[in-house]
Amino acid sequence: MNASAEAPLLSASGISKRFGGVRALRDVAFDVRAGEVHGLIGANGAGKSTLINILSGAIAPDSGSLAVRGRPVPLGSVGEARRAGLAVVHQELMLFPDCTVEENIAATSLPTRGGFVDGRRRRRMVRRVLDSLGTSIDLSRRVAGLSLAERQLVEIGRALCGGGSIFVLDEPTSALSAPEAAGLFRTIGAIVEEDAGVVFVSHRLDEVFAITRRITVLRDGQVEGTWNTRDVDVRTITHAMVGDLADARPTRIESTGPVVLRARGASAPGVAPLDLDLRAGEVVGLAGLEGSGTSTVLEMLGGVIAATGGIVVGGSAARFRHPADAIRAGVVYMPPDRKRGGLWLDRSPLWNVAAAEINRAGSLAWLRFGTLRRAGNRRLDDVGVRAVDREQPVARFSGGNQQRVMLARLVGMGPKVMLLNDFTRGVDVKAKGAIHELVRGLAAEGVAICLTSTDLDELLEVADRIVCMHSGRQVASGPAASFTSLRLVSLVTTGSTLN
Amino acid sequence: MTDNPEATVSSAVPDPAGPASERGRWRFAFDELGILVAAVIFFAIGSLSSPYFLTLDNLTGILQSITFLGFLSIGVGLALIAGEIDISVGSIYALAAVVAALLLKNGYGVPVAFAGGLGVGLACGLVNGIVAQVINVSAVVVTLATLGVYRAITLVTAGGSPITGMPEAPLFFDGFGQGGIAGISYITILFLVVAICAEIVLRKTAFGFRLLAVGSNPVAARLVGFRVERMRIALLALSGLLAALSGVCSVAYLHTAGPTAGAGYELTVLAAAIIGGVQLSGGRGSIIGVLLGLCVIGIIQNLIVLWGISPNWTQGVSGIVLIAAVTVTWLTRRDQGKANPIARG
């Protein structure tokens, strides 16, 4: 290595960014040295995405500067960032699925001769890049047929081909299996070998500790600190991520309601055989990162995807092949995505709620719109959708009200078990509180509730019991009172406790 | 999930549904206003431009001209509203006609011929639905394939030429086929009854609600517990059945069954549905709208004859009306988020 010690490969300083009234980043300073893997971590909402978007040029910061090898980079331009050697590999990859590996890798830097693509030179160039990554994907395969890990490799290869020297990998392992992740880490090793720098953004502390040389923690838009990975332990880092949170949670007595849903060795792709009891009147929070299997667990219990193993509902074995089977057994599922699977956005809330009632009716049953409307209005009142115009499309409602409409419909199905996937997604803080109350109220009426959230503190607040998942398996469970947010963060990020 | 500060300020982003307007309030009252206005305009143009247009003979003639297409348009319309499509109807129409005619010719009698024709149509529709469901391919692809397959079966069965020389069956050919009340043929009356039933089922029953729900958001429909897969098969089967009903009626009316009959019907029916306000991506539309769309096409064809213009213009005018109708629909619905109504695989 050369003079890189004095002028870091990448240095960002004084970066600030506001979105409306929200300060996403405040005076962030950050640098990456040549030949280094630098971990960038932080809780949800800490500002990682914003920082990544600024590095990629997708958004311009309000103030601050960026330099590569000491030379300033114009901000807010994707093209300039790429020319300076910054390459961001996103969670959602930007590849052409119907083109070959070779075409994808060379897409941004096509060698030409007289206006035509120089196929031989292209092949040589791509081959050289992939060799340097230590892989041997068949160049003529179509990207659509590749595994996610291979696609990431192609994306990295493309960035290398385009002269990239700083790679930002945004949650690269969230959807990878363990051997695939190991392969990716080898690739990362190969990149830094060539004196490039890698920014490794991840929720998974075990990985961050395994492959980085330094770690920077963001919290609430500010840099909490940068450490040499060798000199720091998981406890310090989690503490930096979470801060000193006063644990002011309501204490709850353990539920003694009857078990309504019992899973024994239930599994689905991405979830190892799981034992889980859901009791009447109890709220169980599934804690885990994206890709840890929490979402899949809810989907398999709700009949959305096929499950193997034993699931018993209300004393009889349940084999759900369709959500309709689960609903008949009293198990209802709420999807996380309101646009895609949750609501008919172009229809009114009354219409959306009526769907639950109509599910029970025979095909040629006559619809009594008056009755449906009255029932719908009552349900919407119950969940507190304010008396705005209930005939207008749900799309015009706020996120909080949309979430309530979904809950109203679930309640209309007469559930014994409610499975709520990311139950406060896209809902503002005030509405979150109201939805928490609703959920507690439903539990008090004897419904068994199992829910997930990306916000771990929220889970601790709402749930009676926490089941913690990491890489598709359950790693801990117990009364919510027995978890601190520190312990929970460490469990979901590393799969084990600190002590 | 990574952190996403943008999400916390989403209230600053304009509402995807656009500013609140008065439209939402009335949308459920009558969605077919546009096509109704269009039909009235064409009707007015017709009555002002030609003294013959408003005569009973001419009007019942228009009605008769759209009757056979009408049966098809009911089935295809329902499929479209649920986000499906059936373009094999023209072939099923001919196949059912040929089967019914052959049964008659071979002395099986009217009930058997009727049942045979309808049965074949139902089977064709079921095949469409089951194949689409089992190999998980869009109904466009499957029915495009069976459009050819059913046509070939028809041609082979009929030996390539129209089937004639059926034995006398006065009740079927002269009574049902040619008779009528007040100048309106029994077949047209049957068609109108079926259409009214279909509209009622769509508007007033649980099945109709589910159909609209599946068309508007199939993922949500499945999660709410609607059997989206079965509905898909049922609708394509129904579409085949109605096409067959039309085919069998055409035998009674025409006294013959041509193996090439009904070619191109699928496109006319699709045009009528779109003119009538059906959203190609599903979730929106009505049978009344489809029938009014068909009426507009019927009036255009009629006027071209009355005005003495070359019939070569017919398709061109229909095409221009189609574009105009889609433009009007787009203008009135663009605040509802579903962008391009044509874009659906």
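Thresholds applied
- Residues numbered from 1 in each chain as written.
- Chains lettered and ligands numbered in written order.
- Predicted model: local features only at pLDDT ≥ 70, side-chain atom pairs only at ≥ 80, totals over all residues.
- Heavy atoms only, no water.
- Domains from an automatic or database assignment.
- Contact = heavy atoms within 4.5 Å.
- Buried area = accessible area lost by both parts, 1.4 Å probe.
- Salt bridge = Lys/Arg side-chain N within 4 Å of Asp/Glu carboxyl O.
- Polar contact = N/O pair within 3.5 Å; in protein donor to acceptor, adjacent residues only side chain to side chain.
- Helix = DSSP H or I, 4+ residues; strand = E, 2+ residues; numbered from the N terminus.
- Nonpolar A, V, L, I, M, F, W, Y, C, P; charged D, E, K, R; others polar.
- Pairing = 2+ DSSP bridges.
- Axes fitted to C-alpha atoms, helices over the stretch in contact; angles between N-to-C directions.
- Core = buried A, V, L, I, M, F, W, Y, C linked by side-chain atoms within 4.5 Å.
- Buried < 20%, exposed > 50% of the residue type's maximum accessible area, 1.4 Å probe, protein only.

Residues and elements named next belong to chain A. Taken as a whole, chain A is organised into domain 1 (3–242) and domain 2 (268–494). Domain 1 and domain 2 are separated by 35 Å when their C-alpha centres are compared. Each partner contributes residues to the interface: domain 1 has 11 residues there, and domain 2 has 12 residues. Summed over both sides, the interface of domain 1 with domain 2 buries roughly 960 Å², with 67% coming from carbon and sulfur. Joining domain 1 to domain 2, the criterion identifies 0 salt bridges. Applying the counting criterion to the domain 1 and domain 2 interface returns 1 residue pair in polar contact (both at pLDDT 80 or more). Only helix 7 (205–211) and helix 8 (234–242) provide two or more residues apiece to the side of domain 1 that touches domain 2. Residue contributions to the side of domain 1 that touches domain 2 peak at 5 residues, all from helix 8. Here the side of domain 1 that touches domain 2 is composed, by residue class, of 4 nonpolar, 5 polar and 2 charged.

Another point: the sheet that holds strand 21 (residues 465–470) of chain A. All names here are of chain A. If you walk across this open sheet you meet the 6 strands as 18-19-20-15-21-22, and the pairing is mixed. The open sheet has two free edges, formed respectively by strand 18 (331–334) and strand 22 (473–479), since each of these has just one partner strand. The mean angle between the axes of side-by-side strands here comes to 15 degrees, regardless of whether they run parallel or antiparallel. Contacts from helix 9 (residues 294–301) reach strand 15 (283–287), strand 18, strand 19 (417–420), strand 20 (448–452) and strand 21 within the one sheet, and its direction differs from that of strand 15 by about 135 degrees.

All names here are of chain A. Counting residues in hydrophobic clusters, the biggest one holds 191 residues, and the most contacted among them are L420 and I449. Here this core spans two domains, and each of domain 1 (3–242) and domain 2 (268–494) adds at least three residues to it. The residues contacting I449, other than those within four sequence positions of it, are E282, V283, V284, M418, L420, V439, L442 and A443.

Right, let's talk about the sheet that holds strand 2 (residues 22–32) of chain A for a bit. Here we have 4 strands laid out as an open sheet, ordered 2-1-4-5 (chain A), and antiparallel in their pairing. Whereas interior strands pair on both sides, the edge strands pair on one side only; in this sheet they are strand 2 and strand 5 (71–72) of chain A.

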